[in-house]
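Chain residues, written in single-letter form:
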Amino acid sequence: IAIAFAQSPRLPKDHVPLEAVLLARSSVEETKNLMKSARCPVHEQSFVVHGYTIDLGNLTTLERIMDPIWHRHSLLSTTGKVPDRAILINCAGTTGFIGRNPTSLQDIQHAADLNFTSKTWLSSRFIEQYSKSNTTVVNISS
């Protein structure tokens, strides 16, 4: 999905850079590089990809880790303008113990935290962060 977005030939209005922010449990470097190489060379300068390694299922640290990310990518931090459009594609999740017997209450809690609680919180914060933009939230679940 991220690579398909990177391949979009459209330039943003007023040549404001397109920004992509990737969050993942493991390294996002490969996806960042694939996105950059998929981008049309004409539009390469108008496309910025940021990546962060974060466990969205760890509610103990989620807010503390995400607050600086929200701040860094706030509405006015990079362009001085409110973006016309903001899109969140959230495919964080796990099938975890589904299909087999859960091994512990902690396994069940972690799956619920990742699949529901953090997804709901992330979507809510995103909508709040980009309330002056045309926002779209796409939640993909495994």
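Counting restarts for each chain, with residues numbered from 1 along the sequence as it is written. Where totals are concerned, whole chains, interfaces and linings use all residues; where local detail is concerned, this predicted model gives features only for residues with pLDDT of at least 70, and gives and counts side-chain atom pairs only at 80 or more. Each side-chain value is derived from all of the structure's non-hydrogen atoms; neither hydrogens nor water enter the calculation.

Undergrad: Help me understand the overall build of the protein in this model?
TA: Runs of H or I in DSSP of at least four residues are treated as helices and runs of E of at least two as strands, each being numbered from the N terminus. For the protein, the count of helices and strands is four helices and four strands. Helices (α) and strands (β) of the protein occur, in sequence order from the N terminus, as α-β-α-β-α-β-α-β. Only protein chains enter the accessibility calculation, which uses a 1.4 Å probe; a residue is then buried when its area is under 20% of its type maximum, exposed when over 50%, and partly exposed in between. Across the 142 residues that make up the protein, the buried fraction comes to 29%. We call two residues in contact whenever any of their non-hydrogen atoms come within 4.5 Å of each other. Pairs at least 24 apart in sequence give 70% of the contacts found in the protein among residues at least 6 apart. Methods summary: accessible areas were calculated by the Shrake-Rupley approach with a probe of 1.4 Å, and residue burial reflects only the protein chains presented. Here the protein has roughly 9,100 Å² of accessible surface; of this, 55% comes from carbon and sulfur atoms.

Undergrad: Please clarify how helix H3 (residues 59-72) should be interpreted in this entry.
TA: Every α-helical turn comprises 3.6 residues, leaving residues that sit three or four positions apart pointing alike. Expected span, for any helix, means 1.5 Å times one less than how many residues it has. An ideal rise of 1.5 Å per residue puts 20 Å on 14 residues; H3 measures up with 21 Å between its terminal C-alpha atoms. Here the bend at each residue means the angle between axes fitted to two seven-residue stretches, the one ending at that residue and the one beginning there. Along H3, the helix axis deviates most sharply at Met66, where the bend reaches about 30°; the proline Pro68 sits within four residues downstream. Burial in H3 covers these residues: Thr61, Leu62, Met66, Ile69 and Trp70. Next to the buried residues of H3 lie strand S1 (18-24), strand S2 (47-53) and helix H4 (105-129). One side-chain oxygen at the N-terminal end of H3 lies 3.1 Å from the backbone nitrogen of Thr60; it belongs to Asn58. What qualifies as a polar contact is a pair of N or O atoms within 3.5 Å, subject to a donor-acceptor requirement within protein and to the restriction that residues adjacent in sequence count only when both atoms come from side chains.

Undergrad: Sorry, what's going on with the packing of H3 against H4 here?
TA: Helix packing for two helices is described by the angle between their axes and how far apart those axes are. Axes here mean lines fitted to C-alpha atoms, for a helix over just the part in contact, with angles spanning 0 to 180 degrees between N-to-C directions. Two numbers describe how H3 lies on H4: the axes approach to 12 Å, and their chain directions differ by 25°. Judged by the angle between their axes, H3 and H4 are roughly parallel. In the crossing of H3 with H4, the sense of the turn from one axis to the other is right-handed. Judged by residue contacts, Leu59, Leu62, Glu63, Met66, Asp67 and Trp70 of H3 engage Asp113, Thr117, Ser118, Trp121, Leu122, Arg125, Phe126 and Gln129 from H4. Residues are grouped as follows: Ala, Val, Leu, Ile, Met, Phe, Trp, Tyr, Cys and Pro are nonpolar; Asp, Glu, Lys and Arg are charged; every other residue, Gly included, is polar. The residue makeup of the contact of H3 with H4, split by class, is seven nonpolar, three polar and four charged. Each angle receives one of four descriptions, namely roughly parallel if under 35 degrees, roughly antiparallel if over 145, roughly perpendicular if within 65 to 115, and oblique otherwise. The hand of a helix crossing depends on one turn: near helix anticlockwise from the far one by less than a right angle means left-handed, and clockwise means right-handed.

Undergrad: Can you walk me through the pattern of salt bridges in this structure?
TA: Oppositely charged side chains can form a pair if their charged atoms are brought close together. We define a salt bridge as a contact between a side-chain nitrogen of Lys or Arg and a carboxyl oxygen of Asp or Glu at a distance within 4 Å. Here the structure, examined in full by the defined rule, presents two salt bridges. A salt bridge links Lys32 to Glu29; its shortest N-O distance comes to 3.6 Å. Remark: Glu29 and Lys32 occur in helix H2 (residues 29-38); sequence separation between them is three residues, near one turn of the helix. Residues Arg125 and Asp67 are paired through a salt bridge, measuring 3.2 Å at the closest nitrogen-oxygen approach. On the criterion of sequence distance, the pair formed by Arg125 in helix H4 and Asp67 in helix H3 is long-range, its members being 58 residues apart. Residue classification places Arg125 among the buried positions, given a relative accessible area of 18%. Classification of Asp67 as partly exposed rests on a relative accessible area of 36%.

Undergrad: I keep staring at the packing of aromatic side chains and nothing clicks. Help me out?
TA: Any pair of aromatic rings gets described here by the distance separating the centres and the angle formed by the planes. Here the aromatic set is Phe, Tyr and Trp, taking the six-membered ring for Trp, and pairing holds for ring centres within 6.5 Å; pairs whose planes are under 30 degrees apart are stacked, those over 60 apart are edge-to-face, and all others are tilted. Tallying each qualifying case throughout the model produces two aromatic pairs. Here the aromatic rings of Trp70 and Trp121 are separated by 6.5 Å at their centres, their planes lie at 70°, and the arrangement is edge-to-face. One end of the pair, Trp70, is in helix H3; the other, Trp121, is in helix H4, with 51 residues separating them in the sequence. Summarising the aromatic geometry, the rings of Phe126 and Tyr130 are spaced 5.0 Å apart at their centres and angled 45° between planes, so their arrangement reads as tilted. When its relative accessible area of 8% is taken as the criterion, Phe126 is described as buried. The exposure class assigned to Tyr130 is buried, which follows from its relative accessible area of 12%.

Undergrad: Explain the confidence of the model for the protein to me, please; I cannot follow it from the model alone.
TA: You can read pLDDT as the predictor saying how much it trusts each residue, on a scale of 0 to 100. With 78% of its residues at a pLDDT of at least 70, the protein reaches an overall mean of 78. Per-residue pLDDT, averaged within each element of the protein, yields its smallest value for helix H1 (residues 2-6) (81) and its largest for H3 (89).

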